[in-house]
Amino acid sequence: MFELDNKPGDVNLEDYETDAENHNYAEELSEIEAADAEQFLNVGVDIQEIRRSGTFIQKDSSVVHCKTCQDGIEMMGISQAMEQHGWLENYIWKNVSPDADKFTSRTKEKPHEGYFIRSLPGMKASHPVQSCLYIAKNKFSQHVHNVVIAEEGSELHIITGCATAPHLDSGLHVGVSEFYVKKGAKLMFTMIHDWGENVNVRPRTVTRVEEGGVIVSNYISLRPVGSLQMYPTTYLEGEGAVARFNSVLVAGKGSHLDVGSKIVLGAPGTRAEIISRGITSGGTIIARGNLIGKVAGIKAHLECKGLILNDGLMRAIPELSGYVPGVEMSHEAAVGKIDQREIEYLMARGLDEDEAVSTIVRGFLNVDIEGLPANLKEKLDKAISESQKDMM
Amino acid sequence: MLQIEELKVEIGGKEILQNVNMEIPKGETHILFGPNGSGKTSLMMTIMGFSGYNVTHGKITFKGEDITYMPIHERAQLGIGVSFQRPPTINGLKTKNIVEICGMNRSVDVNELAKQLDFSDFLDRDVNHNFSGGEIKRSELLQLMAQEPDLLLLDEPESGVDLESIVLIGDTINSLLHKGIKFPRRGLSHIAARTKSALVITHTGHILDYITADKGQVLYEGIVRCSRNAREILKWIREYGYEECVLCSN
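Small disclaimer: the values here were computed from a predicted structure and weren't measured.

## What about the overall build of chain B?
Then comes step 1: Assigned secondary structure in chain B consists of seven helices and 12 strands.
Then comes step 2: Relative to a compact globule of 250 residues, whose C-alpha radius of gyration would be 18 Å, chain B shows 18 Å and is just as compact.
Then comes step 3: The dimensions of chain B, computed from C-alpha atoms along their principal axes, are 50 × 45 × 35 Å.
Then comes step 4: Burial status across chain B gives 51% buried among its 250 residues.
Then comes step 5: Partitioning the intrachain contacts of chain B with sequence separation of at least 6 by distance along the chain shows that 69% fall at a separation of at least 24.
Then comes step 6: When the accessible area of chain B is evaluated, it comes to approximately 11,500 Å², of which 45% is carbon and sulfur surface.
Then comes step 7: Averaged over its 27 positive side-chain charges, chain B has a centre that lies 4 Å from the centre of its 33 negative ones.

Okay, structure coming up:
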């Protein structure tokens, strides 16, 4: 059951509106408004839908586009999925309790769709599916409920981007996500956020992984955001299950990122790794990592590195809890500024000081993200370069 | 090529180099001997302009230009290249990318250069991350091959290197130093004068078995005490030790 270890912050739900007008459904992504489409692109959505197995786009509370291009992959709005699959009641609100905090309660009371993505048993999707949750209405509080099921022996990669319309004054996004990785399945989940400066974001995610299952989660937030607080929790319940969590965070002035991952290793032979890279330049990053070893024969590692450019707060909170002998758990955390030796080393190769710092920052954020499509990797490299302009 | 006059250098208020005078003419390779802590690496870092090495007196001239207070990257662009003994790891920056950087906007065939140094398997690894002593040397030389500097500053190029690799390292240094002197299309009769220079730091002298030196100098307690044939100096140091060796120069 979802446990909230952190105070949810001072977001007042009453400051936001919970109703939004319906937006028209677009049969083709090319019919989406140009200004919106540009925002989608920034968070990894391929408008041409090339090398994508499916697409789900939600604007405010409306599903505006949903299409699957591969048999064996189901992708639809959560309300449609509940109508279609009676058994879904065994999955909804089973990982996350509606009473966990006020954000989950609000999502239960006032749901605004969300996606249902399922890969059927043995199905290995040739390309990622993509989704985008988008806020266009000012002061809107978007509460989505997502369910992902990777059935036995299947492989699924989801690229999900979250963004807001340009010049949005304020907004709140709450995403309750319940992921199920069945026996021998593999779920790769890459989430890219590009929220506005005054948008508060509260994802609430819990994943269960069965025997031999693998979850790889990549989280990237390079652009300004008001406040973000998330603490996805993963339960490795089956023997040999694996979880790998990577996050790349940049906090400029005014951004408050409280981002962590908790992984409970509850079966023999389970393995977990959390890698976090954060750069603050006037903002706040609290990077949490919590590994809990419940049985012997598990292996887990946590790596949290933070750089402070200019001002800002970078707080790394690594936690390891071993409950029995025979657990193998380690962590490595470092917070500081760029090592002058590295800057001068690159200067000795002909770069000026600014170029040397940029090169080091790019490298620092360059966590090798497994399975990322080449075009998205290029976009991310570009976004990292652009984010430096805000940092310097 | 490089001229150092009456150089005094402090680190954290402590004088490390007391009065260094040195000249490395174009095309010459000089060996700098000295025991641990004698100031050899400090001299190299000062020539390159690293922070923390405060020049309190004297002047460094390179290619006729006063570089005493020039930023590091301008010295590199002017043609000084360094092989460090303990370079830092740069996480996330791939070795092939730093080799490209060293090319300074010239087109560099990184793969071909890496092949020559038997270093192809390391191009996709982060710079210096978990490299062994020998791998660090090869990485440093690979970067210098891309940079093609006119003056090489090599800090203990043989330390931590196994016997097999030291031959490769010696060959690479020779190739770096002789580059540009041969014009095969015109035949051997048109061999040009050597144009590349080097200052090679060593305290064991093993590297002398693999490269040809024009001169040796001994740095002892922050002062250059001796300047003569490198092999002669090495022989004396081996026979009498540094303390006796420098007495001869007094």
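From this point on, the discussion continues.
## Here we look at the packing of helix H5 (residues 133-147) of chain B against helix H6 (residues 163-178) of chain B
Residues and elements named next belong to chain B.
Then comes step 1: Following both chains from N to C, one finds H5 and H6 inclined at 15 degrees, their axes separated by 11 Å at the closest point. Taken as axis vectors, H5 and H6 run roughly parallel relative to one another. Our pair here, H5 against H6, has a crossing hand that is left-handed. Contacts from Lys 137, Arg 138, Leu 141, Leu 144 and Met 145 of H5 reach H6 at Leu 168, Ile 169, Thr 172, Ile 173 and Leu 176.

## Topic: empty space enclosed by the protein
Then comes step 1: In this structure the tally under the stated criterion is three cavities of 30 Å³ or more.
Then comes step 2: Within this model, the largest cavity holds a volume of roughly 270 Å³.
Then comes step 3: Across the lining of the largest cavity, the residue classes break down as 16 nonpolar, 14 polar and no charged.

## What to know about the UniProt feature "domain: SUF system FeS cluster assembly SufBD core" (unreviewed entry) in chain A
Then comes step 1: The positions that UniProt labels "domain: SUF system FeS cluster assembly SufBD core" (unreviewed entry) are, in the present scheme, residues 137-364 of chain A.
Then comes step 2: The annotated region residues 137-364 of chain A carries 9% helix and 61% strand content, and the separation between its end C-alpha atoms amounts to 35 Å.

## Focus: the domain arrangement of chain A
Then comes step 1: Domain parsing of chain A yields domain 1 (13-338) and domain 2 (339-392).
Then comes step 2: The distance between the C-alpha centroids of domain 1 of chain A and domain 2 of chain A comes to 25 Å.

## Points about the environment of A:Ile50
Then comes step 1: Mapped onto the fold, A:Ile50 is located in the loop between helix H1 (34-42) and strand E1 (54-59).
Then comes step 2: The spacing of A:Ile50 and A:Gly269 is 219 residues in sequence and 38 Å in space, taken between C-alpha atoms.

## Looking at the interface of chain B and chain A
Then comes step 1: Across the contact, 28 residues belong to chain B and 19 residues belong to chain A.
Then comes step 2: Buried area between chain B and chain A, both sides added, is near 1,900 Å², and the carbon and sulfur share of it is 60%.
Then comes step 3: Summed over the shared surface of chain B and chain A, the result is one salt bridge.
Then comes step 4: Across the pair A:Arg349 and B:Glu140 runs a salt bridge, and its minimum N-O distance is 2.8 Å.
Then comes step 5: For the pair chain B and chain A, the interface holds eight residue pairs in polar contact (both at pLDDT 80 or more).
Then comes step 6: Of all elements in the fold, only helix H2 (72-78), strand E7 (90-94), helix H3 (95-102) and H5 of chain B reach the threshold of two or more residues within the side of chain B that touches chain A.

## A look at the packing of H3(B) against H5(B)
Residues and elements named next belong to chain B.
Then comes step 1: Between H3 and H5, the least distance of the axes is 7 Å, while the angle of their chain directions is 35 degrees. The chirality of how H3 crosses H5 is right-handed. On H5, the residues touching Thr 95, Ile 98, Val 99 and Cys 102 of H3 are Ser 139, Leu 142, Gln 143, Ala 146 and Gln 147.
Then comes step 2: For the contact of H3 with H5, the class distribution of residues is five nonpolar, four polar and no charged.

## Concerning the sheet that holds strand E20 (residues 328-336) of chain A
Residues and elements named next belong to chain A.
Then comes step 1: Ordered by their spatial adjacency, 10 strands build an open sheet running E2-E1-E5-E7-E9-E11-E14-E16-E18-E20, and the pairing between neighbours is mixed. At either end of the open sheet lies a strand with only one pairing partner, and these are strand E2 (62-68) and E20. Direction aside, neighbouring strands of the sheet carry axes that sit 5 degrees apart on average.
Then comes step 2: Here helix H5 (residues 353-365) sits on the sheet and contacts strand E14 (242-252), strand E16 (271-281) and strand E18 (299-308); the angle it forms with E16, its principal contact strand, is near 150 degrees.

## Examining the pattern of salt bridges
Residue and element names in this part refer to chain A.
Then comes step 1: Per the stated rule, a full pass over the model turns up 24 salt bridges over all chains.
Then comes step 2: With a shortest N-O distance of 2.8 Å, Glu 303 and Arg 277 are connected by a salt bridge. Taken together, the residues span a long stretch of sequence, with Glu 303 in strand E18 and Arg 277 in strand E16 at a distance of 26 residues.
Then comes step 3: Residue Glu 303 is classed as buried on the basis of its relative accessible area of 12%.
Then comes step 4: Judged by relative accessible area, Arg 277 falls into the buried class, the value being 11%.

## A word on the environment of B:Lys26
All names here are of chain B.
Then comes step 1: Structurally, the position occupied by Lys 26 is in the loop between strand E2 (14-24) and strand E3 (29-33).
Then comes step 2: Between the C-alpha atom of Lys 26 and that of Lys 63, which follows or precedes it by 37 residues, the distance is 9.0 Å.
Then comes step 3: Once residues lying within four places of it in the same chain are set aside, the contact partners of Lys 26 are Met 1, Arg 194, Thr 195 and Ser 197.

The rules behind each value
- Residues numbered from 1 in each chain as written.
- Chains lettered and ligands numbered in written order.
- Predicted model: local features only at pLDDT ≥ 70, side-chain atom pairs only at ≥ 80, totals over all residues.
- Heavy atoms only, no water.
- Helix = DSSP H or I, 4+ residues; strand = E, 2+ residues; numbered from the N terminus.
- Rg over C-alpha atoms; globule rule 2.2 N^0.38 Å.
- Buried < 20%, exposed > 50% of the residue type's maximum accessible area, 1.4 Å probe, protein only.
- Contact = heavy atoms within 4.5 Å.
- Areas by Shrake-Rupley, 256 points an atom, 1.4 Å probe, with all protein chains shown as cover.
- Lys, Arg positive; Asp, Glu negative; His and termini not counted.
- Charge placed at Lys NZ, Arg CZ, Asp CG, Glu CD.
- Axes fitted to C-alpha atoms, helices over the stretch in contact; angles between N-to-C directions.
- Parallel < 35°, antiparallel > 145°, perpendicular 65-115°, else oblique.
- Left-handed = near helix turned anticlockwise from the far one by under 90°.
- 1 Å grid on protein atoms, 1.4 Å probe; cavity = no way out; pocket = protein on both sides within 12 Å on 5 of 7 lines; lining within 4 Å.
- Points joined across faces, edges and corners; volume = space filled by probe spheres on them.
- Nonpolar A, V, L, I, M, F, W, Y, C, P; charged D, E, K, R; others polar.
- UniProt positions renumbered as here; feature names shortened; annotations may be inferred.
- Domains from an automatic or database assignment.
- Buried area = accessible area lost by both parts, 1.4 Å probe.
- Salt bridge = Lys/Arg side-chain N within 4 Å of Asp/Glu carboxyl O.
- Polar contact = N/O pair within 3.5 Å; in protein donor to acceptor, adjacent residues only side chain to side chain.
- Pairing = 2+ DSSP bridges.

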